[in-house]
Amino acid sequence: MIKNYFKIAFRGFWRHKLFTLINIIGLSIGISAALVIYLIVHFDLSFDKFEKDGNRIYRVVTNYTYPEGSVPNPGLSTPLQLAAKNQVSGVETSAPLFRLILPDVYIPKSNSKAVKFKQQKTVALTDGDYFNLVHYKWLAGSAKAALNEPYQVVLTSEQAKIYFPDIAFEQMIGKTVIYDTLKTTVTGIVQTIQENTDFAFHDFISFSTAFANRGLTSQLRLTNWGGTSVRTQFFVKLLPTTSLTNVEQQLNTILAKNNPPKKDRLQTISLQPLRDIHFSVGGYGGIIAFDQVANKTTLYSLLAIAAFLLLLGCINFINLTTAQATQRAKEIGIRKTMGSSRGQLIVQFLSETFFITLIAVIISALMAPFILQLFSGFIQTGIKLDVVHQPGILVFLLILTVVVSLLSGFYPAIILSGYQPVTVLKNQAQSSSKTRNAWMRKSLTVSQFVIAQFFIMATVLVGKQIYYSTHKELGFKKDGVIFINSPWKNRNQSKNLVFFNKLQAMPQVEMVSMGNDAPSSENTSTTEGTYIDGKKEIRIGDFAEKFGDENYINLYHIKLLAGRNLQPADSNQAFLVNLTLVNRLGFKSPQDAVGKIISNFNGDTRMEIIGVVSDFHQESLHAPIAPLAILRANNEFGGVFHIALKPQSADGREWQKALTNMQATWNGLYPNDDFEYEFVDASIAKFYEKEQHTATLLSWATGLSILISCLGLLGLAIYTTNQRTKEIGVRKVLGASVAQIVTLLSTELIWLIVLAFVLVTPVAFWAMNKWMQSFADRTTVSWWIFAASGGAMLVAAVFTSSLQTVRAAVANPVKSLRSE
């Protein structure tokens, strides 16, 4: 029986090769999208799921609340971490994680120079309890004794083989690993976690080392209860019976006792579940050694795109199958006359759908690796199609095959199996079928155009916002400016001065400045201060600060509105402020703010405002312009060279020559450090990488949705013109022109597109405005976006259908009427 079903299905597919091909292409595109997006979503949802008691593991995070808003921080002050270990009840185990900033690693060799590994990103200080919190398999050493003493280190197997490639794990115990100048001894090797995890550290140095090393002690700020850093994180594992609220109350009580709340500033502690860390729920970011965090909204958007593309393929199948229903009417009538039941016919038609779906699934599985490679630029590494190690993929494909088969084939099967033998054998099925199914095909076609037009509108708007963001005047010069970070570990002021002077002497260089970050950057630091106007105290919490010299605002063409610029003779108690800060303090004009004093600023008693500069964007356009202070650069906050290049000539070689000269000068002064530079405008463009990825994804979704819709439209056009061949012939004999015939055949299509446009426009307008709310400074949702999108869909649809309608209209009527 089943063999007979598939034999009949194959004959039908071969007889209608074009329609079969259209169905397979449409379903393959939808299933490919669903498979690839399943791999992405499954990858992100699988992080740290291997932890047996993961539901009891939390990261302790800090929240700062100001009148202007709240600021989340994933860190916890070091003294509070130490107190929590001893004073908080209900905790099974806890562990600190303090990340070292890109240390160079040296592996001493007895008979040669030490091997150097530059800037390792996954080095942290922790204690032995960390291995009770996150479970590792020990290959050498043990958790009980591995990190009990200062200057001990545990390595993962992956990192151990990099440092000591030629010896066994047991032989690595006792070996020396030097982090910059910190000399440690290997006391354990653990198996690298193979599952997806945000705990991506590879070097674990004993936390007690910080108490024995003066440099680390100062970094940990052991007496600072109120200060936090993303580098100092703390994790706890609660007892099964412990209340989350109870632990939070204990932590906040300890904090309030040792760091009483300040006016207009509230610091609170909360616990973030392990499952939320990878998705940065609450805005806390990922674990410090692994900054790739996912976004649930993005995942839901991907799922929606997959569902829409899959739906488009199913709609094509339903439309083309029901359109061809009358061609199988006699076959159905004969089968019923010979004794076939309706159930048997439904099974036959569903088996045909299953066969096509199975072919589409196989094609999709073969295409998936190439699609993943195509989008490798903005999906995380580690996402791959591996049915051996991921058997869930086969289950997903099986479920997807069944669901798509039912979704695509159920309605056509019900329609086809419902024909009455007497009616179809009297040739009366055609008219009844037409009235029964035309409304469904039109509805599904409108649905296709709604989805396709929504994607077009979304793509145009995202592209418009990206263009607006990257071309907007930000309040400073961003073109033709580069910045170079001086070596930060052993910053040498005399060498920096030599490099500064040599840069200034280059003929391609217009001006050089020393400071920290560019005017707009992702690394803006913040501080707080208080101004007393004689009547009341005005506290400004969490405002940005930049550091620069007397050339900083001139190089970046930042306007000085009042007062004077920074001067070499200025102390650290003189600074510039922006117009937003002036307004926040209540001054009526920039001149009124000059000479005023802000106290408790950056730990200093009195800071004098010597000048006011115009506002400029310090971050991406997602964030509003914040209150800002520009301080005199010093040794700690002045290690970045800002270089304004002169305009290039017609041949455009000056900048490249300047960079070559800079690299040669750099190599002479800093032979052990790599020469790295970045253009300011390029760094600003990186703010919008997420939007760029969204635009790319939407462009693909738009193209595929238009392709699927047009393929289905072409199939319907072919079917319609074949059904109306004789009508077209008669009309031509009676004098109808080609244009009139094409118009006749296209009118219904145009009305369906217009209806889809009317339906999708308010939905798209709402969705676009919703998406735009994430930008503090945004472009307008212009009317032409909708008009252009609707027009583009109309042109594409009419062009596609005209491939068949024009051909039918120019055909010789003699051939179409010959059988009459």
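Residues numbered from 1 in each chain as written. Predicted model: local features only at pLDDT ≥ 70, side-chain atom pairs only at ≥ 80, totals over all residues. Heavy atoms only, no water.

### Focus on the environment of Ser-683
Note the following rule: Numbering of helices and strands runs from the N terminus, with a helix taken as a DSSP run of H or I at least four residues long and a strand as a DSSP run of E at least two residues long. Here's how the labels work: a residue is buried when its accessible area is under 20% of the maximum for its type, exposed when over 50%, partly exposed in between, all with a 1.4 Å probe on protein chains only. Between two residues, a contact is recorded if the distance between any of their heavy atoms is within 4.5 Å. Side-chain atoms alone can form a polar contact between residues adjacent in sequence; in general such a contact is a pair of N or O atoms within 3.5 Å, and within protein one must be able to donate a hydrogen while the other accepts it.
Here Ser-683 shows up in helix H22 (residues 680-685). Judged by its relative accessible area of 11%, Ser-683 falls in the buried class. Distance in space between the C-alpha atoms of Ser-683 and Glu-522 is 9.2 Å, their sequence separation being 161 residues. Once residues within four sequence positions are removed from consideration, Ser-683 is found in contact with Phe-483 and Glu-678. Looking at Ser-683, its side chain comes within polar contact range of the main-chain oxygen of Val-680, at 2.6 Å.

### Observations regarding a nonpolar patch on the surface
Put simply, the test is: What goes into a patch is any residue over 30% in relative accessible area without a salt bridge, connected to like charges within 9 Å or, for nonpolar side chains (Val, Leu, Ile, Met, Phe, Trp, Tyr), within 5 Å. Per-residue and other accessible areas were derived by the Shrake-Rupley procedure at a 1.4 Å probe size, with only the shown protein chains allowed to occlude residues. Take a side-chain nitrogen of Lys or Arg and a carboxyl oxygen of Asp or Glu: if they are within 4 Å of each other, that pair is a salt bridge.
A surface patch of nonpolar side chains, about 390 Å² in accessible area, is lined by Ile-750, Trp-751, Val-754 and Val-758. Inspection of the secondary structure assignment puts Val-754 in helix H25 (residues 738-772).

### Notes on unusual backbone geometry
Of note, Asp-48 is a non-glycine position whose phi angle comes to about 60°, a positive value. Position of Asp-48 relative to the elements: it lies in the loop between helix H2 (17-45) and strand S1 (57-66). Using a relative accessible area of 5% as the deciding quantity, one classes Asp-48 as buried. In the Ramachandran plot, Tyr-151 falls in the positive-phi region, its phi being about 65° despite a non-glycine side chain. Look at Tyr-151 and you get partly exposed, because its relative accessible area is 28%.

### Considerations on the packing of H25 against helix H26 (residues 783-810)
Cut-off, in case you're wondering: Note on definitions: angles span 0 to 180 degrees between N-to-C directions of axes, and those axes are lines fitted to C-alpha atoms, for helices only across the stretch in contact. For this classification, under 35 degrees means roughly parallel, over 145 means roughly antiparallel, 65 to 115 means roughly perpendicular, and everything else is oblique. Rotating anticlockwise by less than a right angle from the far helix to the near helix defines a left-handed crossing, while the corresponding clockwise rotation defines a right-handed one.
Axis separation between H25 and H26 bottoms out at 9 Å; the angle between their running directions is 155°. Taken together, the axis directions place H25 and H26 in an arrangement best described as roughly antiparallel. Crossing angle aside, the handedness with which H25 passes H26 is right-handed.

### Points about the pattern of salt bridges
Tallying each qualifying case throughout the model produces 15 salt bridges. As a salt-bridge pair, Lys-85 and Asp-129 come within 3.0 Å of each other at their nearest N and O atoms. Residue Lys-85 is located in helix H3 (residues 78-87), and its partner Asp-129 is located in the loop between strand S6 (123-126) and helix H4 (130-133); the two are separated by 44 residues in the primary sequence. Exposure remark for Lys-85: the relative accessible area of 28% places this residue in the partly exposed category. A salt bridge links Lys-472 to Asp-777, with the nearest nitrogen and oxygen atoms 3.2 Å apart. Placement of the pair is Lys-472 in the loop between helix H16 (429-471) and strand S14 (481-485) and Asp-777 in the loop between H25 and H26, with a sequence separation of 305 residues. Beyond isolated ion pairs, a larger network of salt bridges with shared partners links Asp-53, Arg-56, Glu-92 and Lys-237.

### Some thoughts on the pairing of strand S15 (residues 509-515)
Where we set the bar: Two strands are said to pair when DSSP picks up at least two bridges between them.
Judged by how many residues are buried, S15 sits mostly within the fold: five of seven residues are covered. In this sheet, strand S23 (residues 640-645) lies alongside S15 in antiparallel orientation, the contact comprising six bridges. Within S23, the residue paired with Val-509 across the bridge is Leu-645.

### Re the nonpolar core
Stated formally: Put simply, a nonpolar core is a bunch of buried Ala, Val, Leu, Ile, Met, Phe, Trp, Tyr and Cys residues held in one set by side-chain atoms that sit within 4.5 Å of each other.
With 35 residues, the main nonpolar core has Leu-27, Ile-31, Ile-40, Ile-383 and Leu-400 as its most contacted residues. Of all the secondary-structure elements, those providing two or more residues to this core are H2, helix H11 (296-323), helix H13 (342-374) and helix H14 (392-417). Top element by residues in this core is H2. It accounts for twelve residues. Not counting residues within four places of it along the chain, the set of residues in contact with Leu-27 comprises Gly-313, Cys-314, Phe-317, Ile-356, Thr-357, Ala-360, Val-404 and Ser-408. Judged by nonpolar contacts, the second largest core, of 27 residues, contains Tyr-552, Ala-574, Leu-621 and Ile-684.

### Topic: the environment of Leu-312
For Leu-312, the position within the fold is in helix H11. The residues touching Leu-312, leaving out its near neighbours within four places in the chain, are Gln-448, Ile-451, Ser-705, Ile-708 and Ser-709.

### Considerations on the confidence of the model for the protein
Rule in force here: A residue's pLDDT is the confidence the predictor assigns to it, expressed on a 0 to 100 scale.
With 90% of its residues at a pLDDT of 70 or more, the protein shows a mean pLDDT of 84. Mean pLDDT values for the elements of the protein range from 58 in helix H15 (residues 421-425) up to 95 in strand S8 (residues 152-156).

### Details of the packing of aromatic side chains
Counted only if it meets this: Aromatic pairing here means that ring centres of Phe, Tyr or Trp (its six-membered ring) are within 6.5 Å. Orientation follows from the plane angle: under 30 degrees is stacked, over 60 is edge-to-face, and everything else is tilted. Two conditions define a charge located above a ring, namely a distance within 6 Å from the ring centre to NZ of Lys or CZ of Arg, and an angle within 35 degrees of the ring normal.
For the structure shown, the criterion picks out 32 aromatic pairs. Geometrically, the ring pair formed by Tyr-136 and Phe-204 is edge-to-face, given 5.9 Å between the ring centres and 70° between the ring planes. Note that Tyr-136 is positioned in the loop between H4 and strand S7 (138-140) and Phe-204 in strand S11 (residues 203-206), a separation of 68 residues in sequence. For the pair shown, Tyr-136 and Phe-204 are each scored as buried. Judged by centre distance (5.9 Å) and plane angle (65°), the ring pair of Trp-666 and Phe-675 falls under edge-to-face. Given a relative accessible area of 1%, Trp-666 falls into the buried group. An aromatic cluster is built from Tyr-130, Phe-131, Tyr-136, Trp-138, Phe-199, Phe-201, Phe-204 and Phe-235, whose rings are joined through pairwise contacts. Cation over ring: Lys-161 sits above Phe-169, and NZ or CZ is 5.2 Å from the ring centre. Just above the ring of Phe-279 sits the side chain of Lys-296; from NZ or CZ to the centre is 5.2 Å.

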